[in-house]
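# A look at the structure
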Amino acid sequence: MTHNKSEIRDGMRIEWDVPIPMDDGVVLRADVFRPVADGRYPVIMTHGPYAKGLSFQDGFPGMWESLSTRYPDAVTGTTNKYQNWETADPEKWVPDGYVCIRVDSRGAGRSPGYLDIFSPQETRDYYECIEWAGTQPWSNGKVGLLGISYYAMNQWQVAALQPPHLAAICPWEGASDYYREFTHHAGILNTFVSVWYPVQVSAVQHGGGGRGDRNANTGEPIAGSAMLPAEELVANRADSPAELLVHGFDDQYYRDRSAELEKITVPVLSATNWAHHLHSRGGFEGYRRAGSERKWLEVHGLEHFAEFYTDYGVALQKRFFGHFLKGDDTGWDHQPPVELNVRHVDGTFELRPEQEWPLARTRWTELHLHPHDHRLATQPPTATTGVRFEALGDGLTFTTEPFSEDTEITGPAAAHLHVSSSTTDADLFLTLRVLDPDGTDITFRSALDPAGVVGAGWLRASHRATDPDRSLPHRPWHAHDQPAPLVPGETAALDVEIWPTSVVVPAGYRLAVTIQGRDFEVPGDGPWPETYGVPMRGHGMFLHNDPDDRPAAVFGGITTLVSGPDQPSYLLLPVIPRTAGSPATRRGPFPTPRP
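## As for the state of the cysteines
Per the counting criterion, the structure on display carries zero disulfides. Here Cys-170 is not disulfide-linked; the sulfur of Cys-100 is the nearest cysteine sulfur, at 13 Å. By relative accessible area, which is 0% here, Cys-170 ends up buried.

## Quick word on helix H4 (residues 150-159)
For H4, the buried fraction is high: 10 of the 10 residues fall into the buried class. Within the sequence span of H4, burial applies to Tyr-150, Tyr-151, Ala-152, Met-153, Asn-154, Gln-155, Trp-156, Gln-157, Val-158 and Ala-159.

## Digging into the packing of aromatic side chains
With the rule as written, the count across this model stands at 42 aromatic pairs. Each ring, one from Phe-192 and one from Trp-196, has its centre 5.5 Å from the other, and the planes form 15 degrees; the classification is stacked. Of the two residues, Phe-192 and Trp-196 both sit in helix H6 (residues 192-201), four residues apart, roughly one turn of that helix. According to the relative accessible area criterion, Phe-192 is buried, its value standing at 7%. Trp-196 gets classed as buried once you look at its relative accessible area, which sits at 1%. Seen from the ring of Tyr-287, Lys-295 lies directly overhead, with NZ or CZ sitting 5.7 Å from the centre.

## Some points on helix H12 (residues 311-326)
When H12 is considered as a whole, its buried residues turn out to be Tyr-312, Gly-313, Val-314, Leu-316, Gln-317, Phe-320, Phe-321, Gly-322, Phe-324 and Leu-325. Just downstream of H12, Gly-327 is the residue with a positive phi angle, here 75 degrees.

## With respect to the pattern of salt bridges
Within this structure, the stated rule accounts for 38 salt bridges. With its nearest N and O atoms 3.3 Å apart, the salt bridge here joins Glu-285 to Arg-288. On the criterion of helical spacing, the pair formed by Glu-285 and Arg-288 is a turn pair, its members being three residues apart in helix H10 (residues 280-289). Owing to a relative accessible area of 5%, Glu-285 belongs among the buried residues under this scheme.

## Section: the side chain of Glu-15
Locating Glu-15 in the fold gives a position in strand S2 (residues 12-21). At 3.2 Å, the side chain of Glu-15 and the side chain of Arg-34 are in polar contact. The contacts of Glu-15, once residues within four sequence positions are left out, are Asn-4, Lys-5, Ser-6, Ala-30, Asp-31, Val-32, Arg-34 and Trp-138.

## Let's talk about the pairing of strand S14 (residues 363-370)
In this structure, S14 lies alongside strand S27 (residues 570-576), joined through six bridges in antiparallel fashion. Residue pairing across strands places Glu-366 opposite Leu-572, the latter belonging to S27. Judged from the three bridges that link them, S14 and strand S15 (residues 375-377) form a sheet pairing that is antiparallel. Within the sheet, the bridge partner assigned to His-368 lies in S15 and is Ala-377.

## Structural notes on the sheet that holds strand S3 (residues 27-34)
If you trace the 12 strands from one edge of the open sheet to the other, you get S1-S2-S3-S5-S4-S6-S7-S10-S11-S12-S13-S28, paired in mixed fashion. Each end of this open sheet is capped by a strand with a single partner; those strands are strand S1 (5-9) and strand S28 (585-587). Each neighbouring strand pair of the sheet contributes to a mean axis angle of 20 degrees, computed without reference to strand direction. Of the pairings in the sheet, the one linking strand S10 (residues 268-273) to strand S11 (residues 295-300) comprises six bridges and is parallel in character. Note that in S11 the partner of Ser-270 across the bridge is Leu-297.

## A short note on the side chain of Asp-441
Examined against the element boundaries, Asp-441 turns out to sit in strand S20 (residues 441-442). With a relative accessible area of 11%, Asp-441 lands in the buried category. Engagement of the side chain of Asp-441 in a polar contact is seen with the side chain of Arg-433, the distance being 2.7 Å.

## Details of the pairing of strand S26 (residues 558-563)
Along S26, five of the six residues are buried, which leaves the element largely enclosed by surrounding structure. Pairing of strand S16 (residues 385-390) with S26 involves six bridges; the strand directions are antiparallel. Across the sheet, the residue bridging to Phe-389 is Thr-559, located in S26. Two elements, strand S18 (residues 407-421) and S26, share four bridges in a ladder whose sense is antiparallel. Within S26, the residue paired with Ser-421 across the bridge is Thr-559.

Scoring rules and cut-offs
- Residues numbered from 1 in each chain as written.
- Predicted model: local features only at pLDDT ≥ 70, side-chain atom pairs only at ≥ 80, totals over all residues.
- Heavy atoms only, no water.
- Disulfide = S-S within 2.5 Å.
- Buried < 20%, exposed > 50% of the residue type's maximum accessible area, 1.4 Å probe, protein only.
- Helix = DSSP H or I, 4+ residues; strand = E, 2+ residues; numbered from the N terminus.
- Phe/Tyr/Trp six-rings, centres within 6.5 Å; stacked < 30°, edge-to-face > 60°.
- Lys NZ or Arg CZ within 6 Å of the ring centre and 35° of its normal.
- Salt bridge = Lys/Arg side-chain N within 4 Å of Asp/Glu carboxyl O.
- Polar contact = N/O pair within 3.5 Å; in protein donor to acceptor, adjacent residues only side chain to side chain.
- Contact = heavy atoms within 4.5 Å.
- Pairing = 2+ DSSP bridges.
- Axes fitted to C-alpha atoms, helices over the stretch in contact; angles between N-to-C directions.

Honestly, that's just the spatial picture; any functional story needs more than this.
This is the structure in structure tokens:
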């Protein structure tokens, strides 16, 4: 039996393993960090499966080393005893009059039950946790949600259920569409879940021992005291990776795990990253589609976890929650609707306020693909021609002339292509690249790759059907509801979504797009750093190499790209006019090491 323990340490009143009963009798466990003085305080909450007792330092030592050495402000002003992966540090919030609550979701960590990630049951549990927190004697009745990744994704979900005591949410780099962002890229299975789930989720399943880890502050096992038999553990969890192969299209399984964004009414601060292959799109779509009249978008770069913990990120979060949870005059009344950290190739960011997304002054620019000489140009080829490539080979790269002036590309992008295949299907991988005057790739420290690319898009040709009511020229919306096989050798028109990006391309540099039938890899010999055994070569750990999803007999054929006056193939890019005079505030530099 788990009993909660209360103590005062490090200027906080801490209650470990507080029981939160669900309406079906299951009891979830939460750690509650609150001010020592009696009173009623607003709540900052997370709820998820990563084991609240697993310290950041023990569970993710590589990321912790990067955070603590590259961004020392993230770990100053705190003992760091209570740091937890992708959640707020209570030592930075409790002194400002907040209660921080971390809940182990059903079946994970110290909470018993059936583990089923992002399920309707898990979302309903979150609703009940919010309502429990909003009615405690130490609560002022206002609950805010703040966290990264998983702890951002389920914010979108639960906010759509409109819990009465939910007052504001700040999803920080979190997908909002389980199919289009988290599990599949335009119909192509992303193998991330099969790699991530056993390491970060089932490894800390309740009753499974939690890899033997113990809470560094309490000495208690992070995944419960009882060790259950292996067969019981299997029976107590969904096989989430296997489900993705059973459900190849966007059916009810995914809709049950995706947020109904239009039903969100509370204030939203959506913070997202220019280069996260799971989460970038979700932050933009969440901002655009959320039903709330009070919503803001912030976009940054760097590692997936960095800005959440830096002084920059914490200050932004506190201004938002101070306004909506405490009623403080934080200056949030003057916060621009959109705030962008525009990327530069020297490792700096240009912090710039904007009024909308995409930017109203965008010059939507077509760059046509020229098959005969592999150019990108504003004018289409004078004659229609095609060029073939092996789907699993190096593909095709099309390049502009050197830019005559600094050119900013910021926003969503797309490609309209005419393609045929020697088989009944083809997967297309589009990679935007910036090349210096010597032709070397400029890479960026991205969310999960020290040598990330500028932008990426994908499409499975048999999933090419779009929904005209939801599509925009710069953001096609694919239905993903039924297959439309290609006729071998017959050309088909495809609209490819390229996720939002930002870069200022200096004069003398060139822009390129590489089109392949497999994952792109930054040229070079490495050595390449690895995460969970996956080499980081521009794509992070987000690969598309499951043989059941991509049998070589279908996806290993010959692909032909056609372009010309009657079958135009082109990129649609968001070019932003550069204003004269001094640039907006610069942040950085944040140098990116060469691979």
